[in-house]
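Residue-level structure breakdown
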2 protein chains.
Amino acid sequence: MLENLFASRIDIKTKSRLVGLFPDNNFADNISFGGGCPDEQLFPAKELTAAYQDAVCRQMNHAFQYHDIKGPERLREYLAARAQAKMGISKVTADDVMLTAGGQQGIELVAKLFIGKGDAMAVEAPSYVGALAAFDAYEPTYYQIGMENDGVNIDQFESILKKHPEIKLFYTVPDFHNPTGVTMSLKKRERLVELANKYDFVILEDTPYRDLRYHGQDLPSIKSFDTEGRVIFLSSFSKILTPAFRLGWLVASPEIKEQLTNLKLAEDLEVPYIPSATVDSYIANNDLDQHIEDLKDLYRAKLDTMYRALKQNLPAGTKVSHPEGGFFFWIELDPEIDTTSLLWKQSVPDQHLIYVPSESFYPNRDIKNGMRVNFTGSTIKQINDGCRRLRAVIDSAEISLPELSLAI
Amino acid sequence: MLENLFASRIDIKTKSRLVGLFPDNNFADNISFGGGCPDEQLFPAKELTAAYQDAVCRQMNHAFQYHDIKGPERLREYLAARAQAKMGISKVTADDVMLTAGGQQGIELVAKLFIGKGDAMAVEAPSYVGALAAFDAYEPTYYQIGMENDGVNIDQFESILKKHPEIKLFYTVPDFHNPTGVTMSLKKRERLVELANKYDFVILEDTPYRDLRYHGQDLPSIKSFDTEGRVIFLSSFSKILTPAFRLGWLVASPEIKEQLTNLKLAEDLEVPYIPSATVDSYIANNDLDQHIEDLKDLYRAKLDTMYRALKQNLPAGTKVSHPEGGFFFWIELDPEIDTTSLLWKQSVPDQHLIYVPSESFYPNRDIKNGMRVNFTGSTIKQINDGCRRLRAVIDSAEISLPELSLAI
């Protein structure tokens, strides 16, 4: 009876997109291609625990006190240097780096800064479900831009911008896109910044997978082409070190960073000292880039295994992306197949297999025949077994279609 | 030039209330009555470090993985039992308890759930500045209810409710109020729930200081009188254990808790395992209530010291609250004194003393002659010295008033 007191944002989305996304699968032989989890065997637990002790001992009891909104200076200096060396972003200092509670908080703060009810924003379609959930709460009017093998359809985007110059924000995952796995080409990165300058919008460049390239050559970040402070570069330690400390970071122009900092102050007051100082100490005393190379060697084998297994098991003509890095493949099945229904009615109960159905990744939930499958969180054996189960799931869908038609 | 793209919430508040609240005071002999910091000598650093190791060892590498939005079951069971035993809230189970990133996130999520642009809400005047900052972002229309020695002016509140039945949310700190230090009487707690039922609004009962009573008898929580699920009870470990883990908790009706959880999912995805499991392990292996008794013994001495020192040093006729617990005293000076100007022009540069001026605590920043002073973060000697400095600061204000008039 209290629902009448909820803000209008709750009327629009009574359920978050993130609720019920991952079904319980308590079977002993369950396989999950669902979440975006790192392989936990590679977490440097011993080194992180030593780093925790170092972080606490350096400040003694003061470690457990309130701290400030900025977080460790040395860590922000390291990230500024990393942004220059690895992302091609020029003239970044520690003051340009803002630490956030995971990449997710960065997305949420950008939504809060730019989006009011009915404000126009553009997203890749499909797009990262967690970002859509964060944007949903501020009630944007979404414009969906299709994806191609080399990233967002930039011609389509420009024609939408011509019709809707009120678009003020574009959210993109240019490297090993979530959910499709594709990478935006160099030309499209340059052209995107030109469009932002011409049509006066801001780009949120979300790059949690950027460091995890298993094949091919690195590309400069979109931010590296930024001439007017319109690109917010967002990254995270969740995929390359651990998600447990909820530590993300972003690089933005001073006017944007100042407002994001003010909004963060009102959300959670500070960057927690212990997690951020632990990551700082880990980096000072270990070789993060060598750790990333170890991750890449393992994940490369998993990606190659899954690509072969999908090719072997999926029906002829099924579209599958072929990522050069990241965490995910994207599969498009026969347009008549509803992968949400398939997940709950066949995949989980019959095959004990979890994936994420495509509808979650579209603002309007209107594309039903795709799925995102993750390969980093499973073992090589689970990847091969899971792809065989996926074949059985899809076969059962195709067989049951005529019966479903009759039933309707 | 990108400001034209910001959402309207940023136009209203280009500066967060929390920005510049605490001036730098780098003098060797600085004394801060400003923040709301616990005495860090009493943080159980050794026990918390042991608890961290236990939390990590229990899950090994899995500790560093993503976890869920609920947080440790055993911790929520403990908090449910605590809510029943210490807050007088009946029939609370682990499922009714939600963990948040500090109490601050609880306030922010409640704002997000209930407040849209122009929605009416009531706050105590003065009120906790961090809560006002969280509400500001959702652009409420504020109604200010005055404070009395036994809590909010409930008759004034009812007359405002009669004129503005559209008020949908009331935010209160009933125990050792931030910033005034006063405690809401039993009668007012009961009557507040009656008003909420009659005028159809929700109460956010924020209780970070509740466990820290140094004199007098505990009162039941407002939530304990709740008959219609209208009260959200919010608490935190920041003041009784450590603020470093950013761990708060709330008890709410299922329909409210479900929506708050959905909103949290979209903000930061999860309750971080390591901090929450560390607190869980600390509680399982230590006596939190004995730790709180230790805190109370020290803070009682500090409160009594500051009360005596304020009485000795403040000009005759100055109003000072006399709290029975918590972290703060509230001082009201001559109506002609502007404590913000006094802070920056005299208190910091001349006396190296920090306090928080009253204007920060009012939605409209229109009351200038008050100040909040904290006693928990200073030593006994600093409290006595600081109160003598405060006398000098106030004396200088009174002396300079005629000159200021002339200058204008």
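What you are looking at is a predicted structure, and each value in this text was computed from that prediction instead of being measured.

A closer look at the interface of chain A and chain B
On the side of chain B, 76 residues touch chain A, which itself brings 76 residues to the contact. At the boundary of chain A with chain B, total buried surface from both sides reaches about 6,400 Å², with 58% on carbon and sulfur atoms. For the chain A face of the interface with chain B, the top three residues by lost area are A:Leu5, A:Phe64 and A:Tyr66, together amounting to 12%. Across the chain A-chain B interface, the total number found is two salt bridges. Residues A:Glu108 and B:Lys112 are paired through a salt bridge, measuring 2.7 Å at the closest nitrogen-oxygen approach. Along the contact surface separating chain A from chain B lie 36 residue pairs in polar contact (both at pLDDT 80 or more). Only α1 (8–12), α2 (45–59), α4 (102–114), α5 (129–136) and α8 (254–268) of chain A provide two or more residues apiece to the side of chain A that touches chain B. Ranked by residue count, the leading element in the side of chain A that touches chain B is α8(A), at 10 residues. Split into classes, the residues belonging to the side of chain A that touches chain B amount to 41 nonpolar, 18 polar and 17 charged.

As for the UniProt feature "domain: Aminotransferase class I/classII large" (unreviewed entry) in chain A
In the numbering used here, UniProt assigns the "domain: Aminotransferase class I/classII large" (unreviewed entry) feature to residues 42–390 of chain A. What you have in residues 42–390 of chain A is 44% helix and 16% strand, and the ends, taken at the C-alpha atoms, are 27 Å apart.

What to know about the relation of the copies chain A and chain B
By a simple turn and slide, chain A fits onto chain B: the slide is 0.0 Å along the axis, the RMSD is 0.0 Å, and the turn is 180°. Accordingly, the operation relating the two chain copies is best matched by a two-fold axis. A symmetric contact is evident, with 100% of the interface residues of chain A recurring at the interface of chain B.

Quick word on the sheet that holds strand β14 (residues 370–374) of chain A
All names here are of chain A. In spatial order, the strands read β10-β11-β14-β13; together these four strands make up an open sheet with antiparallel pairing. Each end of this open sheet is capped by a strand with a single partner; those strands are β10 (319–320) and β13 (356–357). As judged from the five bridges shared by strand β11 (residues 328–332) and β14, these two strands associate in the antiparallel manner. Residue pairing in the sheet places Glu-332 in a bridge with Gly-370 of β14.

Thresholds applied
Residues numbered from 1 in each chain as written. Chains lettered and ligands numbered in written order. Predicted model: local features only at pLDDT ≥ 70, side-chain atom pairs only at ≥ 80, totals over all residues. Heavy atoms only, no water. Contact = heavy atoms within 4.5 Å. Buried area = accessible area lost by both parts, 1.4 Å probe. Salt bridge = Lys/Arg side-chain N within 4 Å of Asp/Glu carboxyl O. Polar contact = N/O pair within 3.5 Å; in protein donor to acceptor, adjacent residues only side chain to side chain. Helix = DSSP H or I, 4+ residues; strand = E, 2+ residues; numbered from the N terminus. Nonpolar A, V, L, I, M, F, W, Y, C, P; charged D, E, K, R; others polar. UniProt positions renumbered as here; feature names shortened; annotations may be inferred. Least-squares fit on C-alpha atoms with pLDDT ≥ 70 in both. Pairing = 2+ DSSP bridges.

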